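Fold and contact review
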Amino acid sequence: MTSTLEATVIDTVVQPGDGALVEVPAGGRLRIVDLHGNQAVDTLLYDAHDIAHRYSAFDTVREQGAVFLTTGSRLLSNRLDELAVITDDTCGRHDTLGGACAQESNVVRYGEHTRHQHACRETFLRYGAPAGIGQRELGHNINFFMNVPVTPAGDLTFEDGLSAPGKHVELTATRDVLVLISNCPQLNNPCNGWNPTAVQLLGWWD
Amino acid sequence: MSWAHEVPGGAAWSTPVRAGRLVTLTALGDDANVSVLLFGADRLDRLNVPDTMKAQMSARIRPPMVLMSDRGLALASVVSSTSDWHDCLTGFGHDAHLERFGPSSYAADRNDWRRSARSGLISELTKHGLGEADLHGPVNFFSKVAIADDASASLAWQAGHTTAGDQVVLRTEQDVLLVLSTAPHPLSGAAYGPAGVQVEVGSAPWPAEDDASWLFRDESARALEMCRRVVA
Ligand SMILES: [Zn+2]
């Protein structure tokens, strides 16, 4: 629902490999636009007034009784409180099982030659630091626009995204939240279509 | 030398375990659930279920997978198990999941007081100078939450997945802190009566050349190798 009082307060582009820390007040809407398609946007949420109160991927998955996130998914905290709701989604589904890339997990997945490639965990720590978000505060994240199918046999794979240029997902904050974003620089798997690209953030609130 | 401890159902417990030990969890009843958190030798690095899953292309925990940390190190390897599916997708139970059983307190129920996995895990973490911030996605040993072949990948807890006597054996790859709760699985629809679990710790033989976890996948071997470099 668009209020006449709402103004566009954020309209910014996040380059691949860069990040953002955005405070969205209760009732505010934050839209992430996949400008060029197939771009994973690793995202964490925190209660803006208590960073120990944070997004919990597995609590969110269990309480909705389904793996994928889409319109209507309630993004729950580690205390089972609602932090935000996905209120619009033109992509269709998003991952929250696959975690974020890190230099260390890149070594595990792709070999030691990837040790010094840039990774989401570095971006999370850099952009989180001013809010006091450190290693202990990094929970398991959302990967908007990323496609991680799971099967009844219990297998999990990374596949080409379902997203396309201009697709977007929109969150409405249930309480004042900090949204910590890493626009994923991963080059070693298809989650960014082998070519990380920019995304746009649009925010509306009073 | 080995030792064993029986954790009753609905309880929480923690213990440091040295590298190179076999930790055998044995279900003492049907439909047991053991929600397990793991910390590395520095008590900061911790189990990372997403990384464990994506490195080994599995949405369940089974032998011979390697349980991996935030820093890409092996914490423990799953040496063997009578079950090929241990849930790692649905977290541990909260107080809200016990509400359907009615009120419970120490005053009314003494040590049959019903407490959630979350409250028990935080209590154990606090004993080690850790706390809520250190909670992470657990492995729910002995539980299965099946994944449907539908658009949202719906989830459903499976009754009867394991029975008394079922086992899983872990080999610690570095000094770890094992933190666990035997509270009911949060999706369990069963009447209250969580099974206990026996935890036995003994020494592990040095991994052989044909060790199943080292040979499982290149990713598993690299996590073990990176751990070996730190531990050795
Ligand atoms: Zn990434």
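Quick notes on the rules
Residues numbered from 1 in each chain as written. Chains lettered and ligands numbered in written order. Predicted model: local features only at pLDDT ≥ 70, side-chain atom pairs only at ≥ 80, totals over all residues. Heavy atoms only, no water. Helix = DSSP H or I, 4+ residues; strand = E, 2+ residues; numbered from the N terminus. Rg over C-alpha atoms; globule rule 2.2 N^0.38 Å. Buried < 20%, exposed > 50% of the residue type's maximum accessible area, 1.4 Å probe, protein only. Contact = heavy atoms within 4.5 Å. Areas by Shrake-Rupley, 256 points an atom, 1.4 Å probe, with all protein chains shown as cover. Lys, Arg positive; Asp, Glu negative; His and termini not counted. Charge placed at Lys NZ, Arg CZ, Asp CG, Glu CD. UniProt positions renumbered as here; feature names shortened; annotations may be inferred. Donors = N, O, S within 2.8 Å, 3.2 Å for Na, K, Ca; no water. pLDDT = per-residue confidence, 0-100.

Per an unreviewed UniProt entry, chain B is named DUF1989 domain-containing protein, and its organism is Nocardioides pocheonensis.

Per an unreviewed UniProt entry, the recorded name for chain A is DUF1989 domain-containing protein, and the organism is Nocardioides pocheonensis.

1. Side note on the overall build of chain B
Per the secondary structure count, chain B includes five helices and 12 strands. Expected size for 232 residues packed as a compact globule is a radius of gyration near 17 Å; at 17 Å, chain B falls within 12% of this value. Seen along its three principal axes, the alpha-carbon backbone of chain B occupies a region of about 55 × 45 × 35 Å. Out of the 232 residues belonging to chain B, those deemed buried represent 57%. Across chain B, every contact between residues at least 6 apart in sequence was considered, and the portion connecting residues at least 24 apart equals 77%. Total accessible area on chain B stands at roughly 9000 Å², and carbon and sulfur atoms take up 51% of it. Put simply, chain B has 20 plus and 28 minus side-chain charges, and the middle of one group is 4 Å from the middle of the other.

2. Comments concerning the UniProt feature "domain: DUF1989" (unreviewed entry) in chain B
The UniProt feature table records "domain: DUF1989" (unreviewed entry) at residues 6–177 of chain B. For the annotated span residues 6–177 of chain B, helix accounts for 13% and strand for 28% of the residues, and the straight-line distance between the end C-alpha atoms is 18 Å.

3. A short note on the coordination of the zinc ion
All names here are of chain A. Those protein atoms acting as donors to the zinc ion are Cys101 (SG), Cys120 (SG) and Cys184 (SG), and they sit at 2.2 to 2.3 Å. Site description for the zinc ion: donor spacing in sequence, C-x18-C-x63-C. Remark: cysteine 184 occurs in the loop between β10 (177–183) and β11 (199–205) and cysteine 101 occurs in the loop between β7 (82–89) and α2 (103–110); sequence separation between them is 83 residues. The exposure class assigned to cysteine 184 is buried, which follows from its relative accessible area of 3%.

4. Focus: the confidence of the model for chain B
Mean pLDDT over chain B stands at 97; residues scoring 70 or higher make up 100%. Here the predicted complex scores 0.97 on pTM and 0.97 on ipTM.

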